[in-house]
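Spelled out, the chains give:
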Amino acid sequence: MAEGETRAGDTAMGITSVPAAIRWQADHAEANGAPANARIIRALLAILETDTATGRRMANWQGLSLEDAMPLRVASGLHYLYLTDAEPRLGDVYQGLMTDQPVIDELVAETARSFDTILLPWLDTPPQTNEAGRSAAIMAGLLWLSERLGPQFALNEIGASAGINTMMGRFHFDLGGVNVGPSLSSIAIAPQWRGEAPPEAPVRIVGAKGCDTRPLDLTDPERALRLKSYIWPDARERMVRMDRAIAMAEKMPPEIVRQDAGDFVDQMLAAPQDEGVTRVLFHTVMWQYLPRETRDRITQAMETAGKDAGADRPLAWLALETNRDTLTQELRVRYWPGGGDARLLATAHPHGEWVEWLA
């Protein structure tokens, strides 16, 4: 086993070898229905062999490459070069017309040399995969909570990126035959449903807002293009949904503030709460990017507030996050009063293509 490889019992997120992390990320993309993106990610190994600033920074990455989503940062930068027509030849890879890995390696290495100064800054920040498909699991969680706490919810999202999922009240959902939301919505989300259907209960979203330390404005063309660059190129349906979310935001933008997640949660919990409305904290595939002290701070704040929650002003926490041991996306819920312990409701595809209901 090469230096930095994981040993039995270690999680993939603990990989310290950059080449091993790239290979794992490529295999993960392929296993999740993105063979073209997998080929691009494997070609990042060729960038390591170039005399480019991007390659040197990748090779000397400080930290855990997978936990930091380092391979996806570079892959997103390459996608950006294609979307801006800077390197149209990448389209043959994304469209499945070029599949020979050595040829792709040569193209990607050449691209890195030609666009080194453009690619390098993409390593500065993790991907902001603001995926509307993930809201299917969150909406199913709201249906489950409605039976226990009532139908009215005020949503608060941390790590909201551009705030697409705060707009879920404007989406139409078909969740295993249970229909929720306006039937004529331009965004219709119908994941492959596994297991029993969620409860058929009323859901009324009376408010929704979110925070992010680097929020993206969907109405800004350059910001929207960056967000589209983070979408895996194989996922054409996701790209269509993104275009429709951009159009939806242009009519009524989501309410997003630039703020630390811990500060946002503190303010959320301190604000007045209407009677009969459940205050909901939710997040999707972002918890791993928070510093441990911020995670601990939010957990303590929610548990403390939960002790004071009453039937007339409930509190709930929905989290769709990666299980670090199994690397599956799990929807877990905690609610107060009465349900402070975390409960697993569902597992889901990383981008919402399917949901398996377990509750």
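Look a little higher up for the structure.
Described in the following lines is the structure provided in the data block. What you are looking at is a predicted structure, and each value in this text was computed from that prediction instead of being measured.

Another aspect to go through is the packing of aromatic side chains. Under the criterion given, the structure shown has 7 aromatic pairs. Summarising the aromatic geometry, the rings of F171 and F173 are spaced 6.1 Å apart at their centres and angled 50 degrees between planes, so their arrangement reads as tilted. Residue classification places F173 among the buried positions, given a relative accessible area of 0%. Here the aromatic cluster, defined as three or more aromatic residues joined through ring pairs, consists of Y80, W122 and Y230. Geometry around W122 places R226 over its ring, the cationic atom sitting 3.9 Å from the centre.

Overall, mixed pairing links the 3 strands, which are arranged 3-2-4 in an open sheet. With partners counted over all chains shown, the strands left at the sheet margins are strand 3 (178–180) and strand 4 (188–189), one partner each. With 2 bridges connecting them, strand 2 (residues 172–175) and strand 4 associate as parallel partners. Opposite H172, over in strand 4, you have A188 as the bridge partner. In this fold helix 9 (residues 135–149) packs onto strand 2, strand 3 and strand 4, with an angle of close to 75 degrees to the strand it touches most, strand 2.

Take the sheet that holds strand 6 (residues 204–212) next. Taken together, 9 strands build an open sheet; the order of strands is 5-12-11-10-9-8-1-6-7 and the sheet is mixed. In this open sheet, the two strands that pair with only one neighbour each are strand 5 (192–194) and strand 7 (256–258). With direction set aside, neighbouring strand axes in the sheet form an average angle of 25 degrees. In this structure, strand 11 (residues 339–348) lies alongside strand 12 (residues 354–357), joined through 3 bridges in antiparallel fashion. Residue A346 lies in a different strand from strand 12, and its bridge partner there is W357.

Before going further, it helps to examine the environment of A270. Among the secondary structure elements, A270 is positioned in helix 12 (residues 261–270). Taking relative accessible area as the criterion, A270 reaches 65% and is therefore assigned exposed. Put simply, A270 and A305 are 35 residues apart on the chain and 9.2 Å apart in space, counted from C-alpha to C-alpha.

A few words on the nonpolar core. Nonpolar side chains tend toward joint burial in soluble globular proteins. Counting 55 residues, the largest nonpolar core has L142, L145, F171 and L318 as the members making the most contacts within it. In terms of residues, this core owes the most to one element, helix 9, which gives 10 residues. Dropping the residues within four chain positions of it, L145 is found in contact with G150, F153, A316, L318, V333 and Y335. Formed by 33 residues, the second largest nonpolar core is a distinct cluster that contains A34, V93, M98 and F115.

Attention now moves to the pattern of salt bridges. Applying the stated criterion across every chain yields a total of 17 salt bridges. The shortest N-O distance in the salt bridge between R42 and E30 comes to 2.7 Å. One end of the pair, R42, is in helix 2 (residues 35–42); the other, E30, is in helix 1 (residues 18–31), with 12 residues separating them in the sequence. Given the relative accessible area of 22%, R42 is considered partly exposed. The partner of R332 in a salt bridge is E330, and the shortest N-O contact between them spans 2.9 Å. R332 sits in the partly exposed class, given a relative accessible area of 34%. When its relative accessible area of 11% is taken as the criterion, E330 is described as buried. The structure contains a network of salt bridges with shared partners spanning E131, E237, R238 and R241.

Thresholds applied
Residues numbered from 1 in each chain as written. Predicted model: local features only at pLDDT ≥ 70, side-chain atom pairs only at ≥ 80, totals over all residues. Heavy atoms only, no water. Phe/Tyr/Trp six-rings, centres within 6.5 Å; stacked < 30°, edge-to-face > 60°. Buried < 20%, exposed > 50% of the residue type's maximum accessible area, 1.4 Å probe, protein only. Lys NZ or Arg CZ within 6 Å of the ring centre and 35° of its normal. Pairing = 2+ DSSP bridges. Helix = DSSP H or I, 4+ residues; strand = E, 2+ residues; numbered from the N terminus. Contact = heavy atoms within 4.5 Å. Axes fitted to C-alpha atoms, helices over the stretch in contact; angles between N-to-C directions. Core = buried A, V, L, I, M, F, W, Y, C linked by side-chain atoms within 4.5 Å. Salt bridge = Lys/Arg side-chain N within 4 Å of Asp/Glu carboxyl O.

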